[in-house]
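This is what each chain is made of:
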Amino acid sequence: MYQHLPVYAGDPILSLHEAFMADPRPNKVSLSIGLYFDEQGRLPVLDSVRKADQKLREQERPSGYLPIEGAPDYRAAVQKLVFGADSAAVAEGRIATIQGVGGSGAIRIGADFIKSFMPGSDVWVSDPTWDNHESLMQGAGLKVARYPYYDADSNGLRYDEMLAFFARLPAGSVVLMQPCCHNPTGIDLSKAQWSGVIQVMKDGGLVPFLDMAYQGFGEGIEEDAWAVRAMVEAGLCPLVTNSFSKNFSLYGERCGGLSVVCPSADEADRVLGQLKAGIRRVYSSPPLHGERLVAAVLDTPALHQQWVAEVKDMRERIKRMRVLLAERLTAGLPGMSVDFLTEQHGMFSYTGLTSDEVDTLREKHGIYLVRSGRMCVAGLNEGNVQAVADALIVVLRARS
Ligand code: LMR
């Protein structure tokens, strides 16, 4: 009956993680999947989240269905975090926000919405982008293609080419960008560069789709949302997805959001209605426990403050690991510039390693990176960074 089915080749990120979990070598290092590990190499349980969890369990609240669009307090907390406490668009009721089943689920609901209500709009993603962006959009039946982004020669951004490319896109094109901590390259736009993008998008009638999966891991919780807020202030109407997987360390709870900024409150009501219709026919209503945790932390001032400090600790640890790795590589490879490591933002670094070199790192040294050369810097710690640097030095020396 199913003989005609092609064999699934596996996911470029998740299959590697499965291979890592099955690898019996004690000194293996996971630098592939986007998981933040602490200094001891563990997935942290944030103290703010633990306290909220204890309080919720004491309350013994029943597990009824959530509304299709998610709980009101959670949705309001998402809006405040993404658009800012003083956002005029939020105050005017111009943003339709739904709880997402993780950031991925939110993207898919957004993609379904584009497919249904923006006929003829193709989606453009950065070259490269997170692999699943393309799959999620294509899964909704949308046509997806790439715009210039990464410059392999300089390990930097092809900004001018990107801008010129945007200027040629037809009005109504959807352009997927990441406001902070670009996955997979770690290369973000400066504020001045964002301002250029905003102008071109306004002039050309483009629709921004902003995926913010790492808020707080770049420069700060408020700072990382700068591009989202600047676009809204400039009068653009972006679709914005966000995720609490990383900044709450709640990966398996699948907590995220989709917010569609609209020109008016009336349109936001219509959009919210259609998002609800879309959700009902896919998974009916979202999961409960994770959103209760997130809302409890964000709505309790003492816990919120503690969470901000915990995100800061994670962000600063990642930055320290970037510096440490760069120092160790420079010591072993004098003359080779590894400045990109400390210039990039967030969890990921595009190393420029080839897929063969990545395979060697995995097979010979037990060090797992994504085959594109993407390294999750948040998997480094003081205990493994020297071993990783040593293995990288061996692989890079073999080039010459
Ligand atoms: C990643 O990019 O590694 C993470 O976002 C996890 C995933 O689902 O791919």
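Details of the structure are given in the entry above.
An account of the accompanying structure is given in this report. Fair warning: this is a prediction, and the values are worked out from it, not measured in the lab.

Rules of the game
- Residues numbered from 1 in each chain as written.
- Predicted model: local features only at pLDDT ≥ 70, side-chain atom pairs only at ≥ 80, totals over all residues.
- Heavy atoms only, no water.
- Helix = DSSP H or I, 4+ residues; strand = E, 2+ residues; numbered from the N terminus.
- Expected span 1.5 Å × (residues − 1).
- Buried < 20%, exposed > 50% of the residue type's maximum accessible area, 1.4 Å probe, protein only.
- Pairing = 2+ DSSP bridges.
- Axes fitted to C-alpha atoms, helices over the stretch in contact; angles between N-to-C directions.
- 1 Å grid on protein atoms, 1.4 Å probe; cavity = no way out; pocket = protein on both sides within 12 Å on 5 of 7 lines; lining within 4 Å.
- Points joined across faces, edges and corners; volume = space filled by probe spheres on them.
- Nonpolar A, V, L, I, M, F, W, Y, C, P; charged D, E, K, R; others polar.

Here's the deal with helix α16 (residues 385–397)
Logical step 1: Given a rise of 1.5 Å per residue, 13 residues ought to cover 18 Å, and the 18 Å separating the end C-alpha atoms of α16 matches this to within 8%.
Logical step 2: Among all positions of α16, only Val 385, Val 388, Ala 389, Ala 391, Leu 392, Ile 393, Val 395 and Leu 396 are buried.

Here's the deal with the sheet that holds strand β3 (residues 123–127)
Logical step 1: An order of β2-β10-β9-β8-β7-β3-β4 is seen for the seven strands of this open sheet, with the pairing classed as mixed. Among the strands making up the open sheet, the edge pair consists of β2 (95–101) and β4 (144–148). Averaged over neighbouring strand pairs, the angle between their axes works out to 25° when direction is ignored.
Logical step 2: Relative to strand β10 (residues 255–261), β2 is paired through seven bridges, and the arrangement is antiparallel. Looking at β10, one finds that Ala 96 is bridged to Val 260.

Some words on the layout of surface pockets
If a probe as big as a water molecule is rolled over the atoms, it shows which places are left empty.
Logical step 1: One number sums up the size of the largest pocket: a volume of about 480 Å³.
Logical step 2: Residue lining of the largest pocket: 24 residues in total, with Leu 14, Ser 104, Trp 130, Lys 246 and Arg 254 positioned closest to the centre.
Logical step 3: Of all elements in the fold, only α5 (102–117) and α6 (131–139) reach the threshold of two or more residues within the lining of the largest pocket.
Logical step 4: Element by element, the count of residues in the lining of the largest pocket is highest for α6, at three residues.
Logical step 5: Per-class residue counts for the lining of the largest pocket are nine nonpolar, nine polar and six charged.

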